[in-house]
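Close look at the chain arrangement
What follows is the residue order along each chain.
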Amino acid sequence: MKVLVTGSSGLIGSEAVEHFDRQGHEVVGVDNNMRRVFFGPAGDTLWNLERLKGVTKRFTHAALDIRDRTAIEELFRTQRFDLIVHCAAQPSHDKAREIPLLDFEVNALGTVNLLEATRQHSPEAVFVFLSTNKVYGDAPNEIPLKELEKRYDYARAERFESGGGSCRARVWALLQHEGGNLSRRMLDGALALGSGAARLFVVSGEGDA
Ligand SMILES: NC(=O)c1ccc[n+]([C@@H]2O[C@H](COP(=O)([O-])OP(=O)(O)OC[C@H]3O[C@@H](n4cnc5c(N)ncnc54)[C@H](O)[C@@H]3O)[C@@H](O)[C@H]2O)c1
């Protein structure tokens, strides 16, 4: 399988790269280190790119900007992907208030560029979009949960498992995670859904810049 991971040097993208490389898939990463533009030197992700190059076997990297429609189109025209894991983003809600236009260009326009390139060139591909639980406002805080040894689970699981409306709930369920396994579990789960948007809660791990 050929996998495209955008935001491949970031926290979640780098986990995705390692995950699929370990499974023997060919992984193409797209990341232009724009996190450094957003957050200054402390946000530089080049160290993580170098780390990935060292630990992976079939990973290649392209320093493309997802806002660059021509470059993204060219990437998709020359390579056919089976799976797109879209993690490239301006991820900070506070920062979005400071730079609304840039935030919109990266998060909205960049995503549309990828969706359209997928539609044009890899229409059979699974597209996984790493979104945020913030789109639900405070609603997730109202879900009754119970604390298990390593993770939280639904206090009333039956409310989220039945019927066709379970997609959102299943993604939420995947986010009640065990330690550092969140991204891997979430990716496996999202793939089982076919295509979808995972609305992540707070994630942290070794790849955090
Ligand atoms: N980490 C969390 O706790 C969390 C929680 C909720 C949602 N999310 C969502 O998950 C997604 C990934 O988050 P993350 O924590 O891995 O973020 P991250 O900042 O660690 O990684 C994002 C990567 O995208 C790259 N990037 C930014 N703009 C780009 C562009 N124009 N072109 C190419 N690459 C670009 C950055 O350089 C960075 O390496 C985001 O959509 C975020 O909102 C994350």
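Figured I'd write up the structure that's included with this text. (Residues numbered from 1 in each chain as written. Predicted model: local features only at pLDDT ≥ 70, side-chain atom pairs only at ≥ 80, totals over all residues.)

1. Description of helix α3 (residues 46-55)
Listed as buried for α3 are N48, L49 and L52. Each buried residue of α3 lies within a common arc of 105 degrees when the element is viewed along its axis, so the set occupies one face. For α3, the exposed residues lying more than 90 degrees away from the buried face are W47, E50, K53 and G54. In this fold, the buried residues of α3 make contact with α1 (11-22) and β3 (59-62). (Buried ≥ 20, exposed ≤ 12 C-beta atoms within 10 Å, placed from the backbone. Helix = DSSP H or I, 4+ residues; strand = E, 2+ residues; numbered from the N terminus. Arc of directions from axis to C-beta. Contact = placed C-beta atoms within 7 Å.)

2. As for the packing of α1 against α3
Relative to each other, α1 and α3 sit at 5 degrees, their axes nearing to 11 Å. Relative to α3, the element α1 is oriented roughly parallel. In this structure, α1 uses S14, V17 and E18 to contact α3, whose residues at the interface are N48, L52 and V55. For the contact of α1 with α3, the class distribution of residues is three nonpolar, two polar and one charged. (Axes fitted to C-alpha atoms, helices over the stretch in contact; angles between N-to-C directions. Parallel < 35°, antiparallel > 145°, perpendicular 65-115°, else oblique. Nonpolar A, V, L, I, M, F, W, Y, C, P; charged D, E, K, R; others polar.)

3. Points about the nonpolar core
In terms of nonpolar packing, the biggest core is built from 33 residues, with V3, V5, I84, V85 and C87 touching the most fellow members. Breaking this core down by element, the ones donating at least two residues are β1 (2-6), α1, β2 (26-30), α3, α4 (69-78), β4 (83-86), α6 (100-121) and β5 (126-132). For this core, the element with the most residues is α1, which contributes five residues. Leaving out residues up to four positions away in the same chain, C87 has contacts with V5, T6, G7, G10, I12, G13, A16 and L130. (Core = buried A, V, L, I, M, F, W, Y, C linked by C-beta atoms within 7 Å.)

4. With respect to the pairing of β1
Consecutive side chains along a regular strand alternate between the two faces of the sheet. The element β1 is extensively covered by neighbouring structure, given that four of its five residues are classed as buried. Note: β1 against β2, five bridges, orientation parallel. Looking at β2, one finds that V5 is bridged to G29. Crossover connection from β1 via α1 to parallel β2: handedness right-handed. Relative to β4, β1 runs parallel, the two sharing four bridges. The residue of β4 that forms the bridge with L4 is I84. (Pairing = 2+ DSSP bridges. Right-handed = clockwise from strand over helix to strand, strands pointing away.)

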